[in-house]
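# Observations on the model geometry
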Amino acid sequence: MPMIVGVVAGVVVAAVLVLIGLFKMMWRVAEPNEALVISGSKHRTEGLEEGMGFRIVTGRGTLVLPGVQAVRKLSLDLNETELHVDCVTHQGIPLKVRGVVIFKVGDDFVSIANASRRFLDQQKLMAERVHNVFAGHLRSIVGGLTVEDMIRDREKLTAQTRAACGTEMEKLGLIVDSLQIHEIEDPTGYIQNLAAPHAAAVQRDARIAQAEANRLATEAEQQSYARMAEATRDSEILQAGYQAERDKAAAKSRQAGPLADAAARQEVVVQETRVAELEAHRREQQLQADVRKPADAQAYEKRTLAEAERDARISAAQAKAKETELAAAAEATRVKTAAGAEAEATKARGTAMAAATRATGEAEAAAAQARGLAEAEATKARGLAEAEAIKARAAALAENQEAVVAQQLAENWPEIVRAGASAFGNVDNMVLLNGADGMTDMFTKALTMGGAGLGLARQLLASMNQNGQTTNGTSPSLNGVTPPPSQKVPVDKEG
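Cut-offs used in this document
- Residues numbered from 1 in each chain as written.
- Predicted model: local features only at pLDDT ≥ 70, side-chain atom pairs only at ≥ 80, totals over all residues.
- Heavy atoms only, no water.
- Helix = DSSP H or I, 4+ residues; strand = E, 2+ residues; numbered from the N terminus.
- Expected span 1.5 Å × (residues − 1).
- Bend = angle between axes of the 7 residues up to and from the residue.
- Buried < 20%, exposed > 50% of the residue type's maximum accessible area, 1.4 Å probe, protein only.
- pLDDT = per-residue confidence, 0-100.
- Contact = heavy atoms within 4.5 Å.
- UniProt positions renumbered as here; feature names shortened; annotations may be inferred.
- Axes fitted to C-alpha atoms, helices over the stretch in contact; angles between N-to-C directions.
- Parallel < 35°, antiparallel > 145°, perpendicular 65-115°, else oblique.
- Left-handed = near helix turned anticlockwise from the far one by under 90°.
- Polar contact = N/O pair within 3.5 Å; in protein donor to acceptor, adjacent residues only side chain to side chain.
- Pairing = 2+ DSSP bridges.

## Some points on helix α5 (residues 154-171)
Its 18 residues place the ends of α5 26 Å apart at the C-alpha level, agreeing with the 26 Å of an ideal helix rising 1.5 Å per residue. The largest bend in α5 comes to about 40°, at Cys-165. Among the residues of α5, Leu-157, Thr-158, Thr-161, Cys-165 and Met-169 are the ones counted as buried. Phi for Gly-173, located one or two positions after α5, is positive at around 80°.

Laid out in structure tokens, this is it:
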């Protein structure tokens, strides 16, 4: 029994191993850079025409029946081919174009199918086929261009070449990843000659630029030398300034001693001057105490004695003037009484004469005339009375002129004093110098003015006594009354 179990187990294991081997033989996996083309049975692939008869597998695995189906691989790697094409331009100039084309089989099933039918067994010849395609189209395109166009716009040449080859490459199942034109060779030297003017211009510009650079460099060097000279000058000026400051400091240092001595001597002179000023002040104070104050005391004493003596004389003069004034007043009263009596007598005589005159005229005329005569006689009586009084005064003046003048001055003394004081009427503030002496001088001048008035009055009275008659033989009128021709009327204050 155990033997039977072992045999069965061995058979089962062998069967499993056979199955595994068969599966490995039938299972195929496409790598990322390859495509599996399976043929031998009818298949329909999306995007392919019906009846292609093969199946394309990319990037996955699939079962393949050995002996029934065949499996082949198509590489999807990049391929490159170099282009060495002899071309002739539109100008007839032969050129050699060097470039490279990088291509590969397309990733879609249509491109893979197209490439499989054309290159599945000839993948090594793919680069040659592509070179031939691009060489033909490149010759055709270059034949329609000039050398200048090719040189100036290589991108245009590349684009036209790719566009011309695109349809054929699609039919081949290929796509172009890159097309580069490396160089264009010119066996005839046309390009070199074409570049000669530009090269000459470039060379000229280069020489000009080099000359300009040399000029700028020379100018920069000259400016640098100038700045160096300026810096040297500034440095020397600064050094000279520093040397001058050092010399000045040294000179000040050398002069410090004499200056200090001079300052000390100056201070000594100042102190000596102050001492001399103090000594002079002391002497002045001593002189004030020893000389001036005693002199001032003596002057004050003399001034006080003089003022006392002057006051005594003034008092005596005032007493004498008062006595004279009283005597003149008594005499004037007497003269006035006598004149009044004479006037009453004259008035009585005038009244009698007026009554007699009224009797000789008509009643009304006589009355009117009597009134006019009475008034005239009254006026005349007053004038005669005044005349008598003036006459009496003149007689008294002839006898005692000083008394009459004194009486007149006494009667008008307030006006005289007021007239003398009018000189000081507009004075608001008066400054008197010399103290009491100044006051004494001021009053003396005022009294002198009064004395001058007294002398003027005396001269006026004397002249009138001498010239009592006027040029026409009449005396001057008093208050509008003409005195008798035989009388000499002196002029008093009231007349």
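## Concerning the confidence of the model for the chain
Per-chain confidence: the chain averages 75 in pLDDT, with 72% of residues scoring 70 or above. Mean pLDDT values over the elements of the chain span from 57, in helix α10 (residues 436-466), up to 89, in strand β7 (residues 94-105). A low-confidence stretch, residues 468-495 (pLDDT under 50), is modelled with 36 contacts involving residues beyond four sequence positions or located in other chains.

## Focus on the UniProt feature "transmembrane region" (unreviewed entry) in the chain
With numbering matched to this structure, UniProt assigns "transmembrane region" (unreviewed entry) to residues 6-23. Between the C-alpha atoms that bound residues 6-23 there is a distance of 26 Å. The span itself is 100% helix and 0% strand.

## Quick word on the packing of helix α3 (residues 126-143) against α5
Direction vectors running N to C along α3 and α5 enclose 135°, while the axes themselves pass 9 Å from each other. Accordingly, the angle class assigned to the pair α3 and α5 is oblique. Crossing of α3 over α5 shows right-handed handedness. Each of Val-130, Val-133, Phe-134, His-137, Leu-138, Ile-141 and Val-142 in α3 lies in contact with α5, whose residues at this interface are Leu-157, Gln-160, Thr-161, Ala-164, Cys-165, Glu-168 and Met-169.

## Points about the side chain of Thr-161
Along the chain, Thr-161 falls in helix α5. A distance of 2.7 Å separates a polar atom in the side chain of Thr-161 from the backbone oxygen of Leu-157. Once residues lying within four places of it in the same chain are set aside, the contact partners of Thr-161 are Phe-134, Leu-138, Ile-141 and Leu-179.

## Considerations on α3
The end-to-end C-alpha distance of α3, which contains 18 residues, comes to 26 Å, matching closely the 26 Å that a straight helix rising 1.5 Å per residue would cover. Of all the residues in α3, the buried ones are Met-126, Val-130, His-131, Val-133, Phe-134, Ala-135, His-137, Leu-138, Ile-141 and Val-142.

## Regarding the sheet that holds strand β8 (residues 174-185)
Ordered in space as β6-β7-β8, the three strands form an open sheet in which the pairing is antiparallel. This sheet does not close on itself; its edge strands, each paired only once, are β6 (79-88) and β8. Recorded for the sheet is a direction-independent mean angle of 20° between the axes of neighbouring strands. When β6 meets β7, the two strands line up antiparallel, connected through 10 bridges. Counterpart to His-84 in the pairing with β7 is Arg-98. Along the sheet face, α3 touches β6, β7 and β8 and points at about 30° away from the line of β6. Strands β7 and β8 of the sheet are contacted by α5, whose axis makes an angle of about 145° with β8.

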